[in-house]
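Report on the structure
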Amino acid sequence: MPTLFEKIIAGDVPATVIFRDSRVVAFLDIRPAAPVHILIVPNKVIPTADDIADEDESLIGHMVIVARDLARQQGIAKNGYRLIINCNPHGGQEVYHLHLHLIGGRPLGPMVARA
Ligand code: AMP
C-alpha cells in the first residue's frame with residue numbers, strides 16, 4: 001500500500017506543493033505547528049530515518065539544501081527555524097515515508113519538553 005506521501009508525490013492526493021525537482025517534493029503541512037511549516041519529502045521510498053542507506057547520503061544532503069533555500073524564500077532564515085526528522089514511535093513519526101519538517105516564523109521554544 002502506498003503511503004499518504006507517496007500519493008502526494010504521485011499527485012493522487014492534493015497538497016500545496018511549493019517546490020519540486022527530480023529528487024524531492026516540498027509541500028505545506030496540513031496541520032502547521034508554526035506560521036511556516038513545510039515538509040521536504042524524497043521521491044524515493046524510505047520509510048524512516050533508520051532506513052536511510054549509505055548511498056542516500058547525497059539525497060539527504062539535498063533535502064537539507066532545499067530546506068535552507070525554502071527558509072530563505074520564506075524569510076525566516078535570519079531569525080531562525082528548526083529542521084526535524086521524526087523516527088519511529090518514540091520519535092513521534094506518523095507518516096512512514098521519510099520527511100524533513102521545516103518549521104519557523106515564531107520563537108519555537110525548547111527542542112523537547114524535559115521530563
Ligand atoms: P510526522 O509526525 O513526523 O510523521 O509528521 C507527519 C506530518 O504530516 C504531520 O505534521 C501532519 O500534520 C502532516 N500531514 C498529514 N497529512 C497531511 C496531508 N494530507 N498533507 C500535508 N501534511 C500532512
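We now turn to the structure provided with this report.

Turning to the pairing of strand S3 (residues 36-42), a few remarks are in order. In terms of burial, S3 is largely enclosed, as seven of its seven residues are buried. Side chains Val-36, Ile-38, Ile-40 and Pro-42 project from S3 onto one buried face, and the interleaved His-37, Leu-39 and Val-41 project onto a second face that is buried too. With five bridges connecting them, strand S2 (residues 24-28) and S3 associate as antiparallel partners. What sits directly across from Val-24, in S3, is Pro-42. In this structure, S3 lies alongside strand S5 (residues 100-104), joined through five bridges in antiparallel fashion.

Now for the site of the ligand. Taken together, 16 residues lie near the ligand, and Asp-29, Asn-86, Glu-94, His-99 and His-101 sit nearest. Expressed as a share of its isolated accessible area of 510 Å², the protein-covered part of the ligand is 88%. Counting residues per element, the ones that place at least two in the shell around the ligand are helix H1 (4-10) and S2. For the shell around the ligand, the residue count by class is eight nonpolar, five polar and three charged.

Taking strand neighbours across the sheet as the criterion, the five strands line up as S1-S2-S3-S5-S4 in an open arrangement whose pairing is antiparallel. The sheet terminates laterally at strand S1 (17-20) and strand S4 (81-84), the two strands that pair on one side only. Recorded for the sheet is a direction-independent mean angle of 20 degrees between the axes of neighbouring strands. In this structure, S4 lies alongside S5, joined through four bridges in antiparallel fashion. Counted as the bridge partner of Arg-82 is Ile-103 from S5.

What follows is about the packing of aromatic side chains. Scanning the entire structure with this criterion turns up one aromatic pair. Centroid distance Phe-5 to Phe-27: 5.3 Å. Interplanar angle 75 degrees. Geometry classified as edge-to-face. Taken together, the residues Phe-5 in helix H1 and Phe-27 in strand S2 connect sequence positions 22 residues apart. Note on Phe-5: relative accessible area 5%, which makes it buried.

On to the pattern of salt bridges, then. One pass over the structure, following the stated rule, counts three salt bridges. Between Glu-55 and Lys-44 there is a salt bridge, and its shortest N-O distance comes to 3.4 Å. Taken as a pair, Glu-55 in the loop between S3 and helix H2 (57-74) and Lys-44 in the loop between S3 and H2 lie far apart in primary sequence, eleven residues in all. Since its relative accessible area comes to 36%, Lys-44 is described here as partly exposed. Its salt-bridge partner being Asp-69, residue Arg-68 comes within 3.0 Å of it at the nearest N-O pair. On the basis of relative accessibility, which here comes to 29%, the residue Asp-69 falls in the partly exposed class. Through salt bridges that share partners, Lys-44, Glu-55 and Asp-56 make up one connected network.

Conventions and cut-offs
- Residues numbered from 1 in each chain as written.
- Predicted model: local features only at pLDDT ≥ 70, side-chain atom pairs only at ≥ 80, totals over all residues.
- Heavy atoms only, no water.
- Buried < 20%, exposed > 50% of the residue type's maximum accessible area, 1.4 Å probe, protein only.
- Helix = DSSP H or I, 4+ residues; strand = E, 2+ residues; numbered from the N terminus.
- Pairing = 2+ DSSP bridges.
- Near = heavy atom within 4 Å.
- Areas by Shrake-Rupley, 256 points an atom, 1.4 Å probe, with all protein chains shown as cover.
- Nonpolar A, V, L, I, M, F, W, Y, C, P; charged D, E, K, R; others polar.
- Axes fitted to C-alpha atoms, helices over the stretch in contact; angles between N-to-C directions.
- Phe/Tyr/Trp six-rings, centres within 6.5 Å; stacked < 30°, edge-to-face > 60°.
- Salt bridge = Lys/Arg side-chain N within 4 Å of Asp/Glu carboxyl O.

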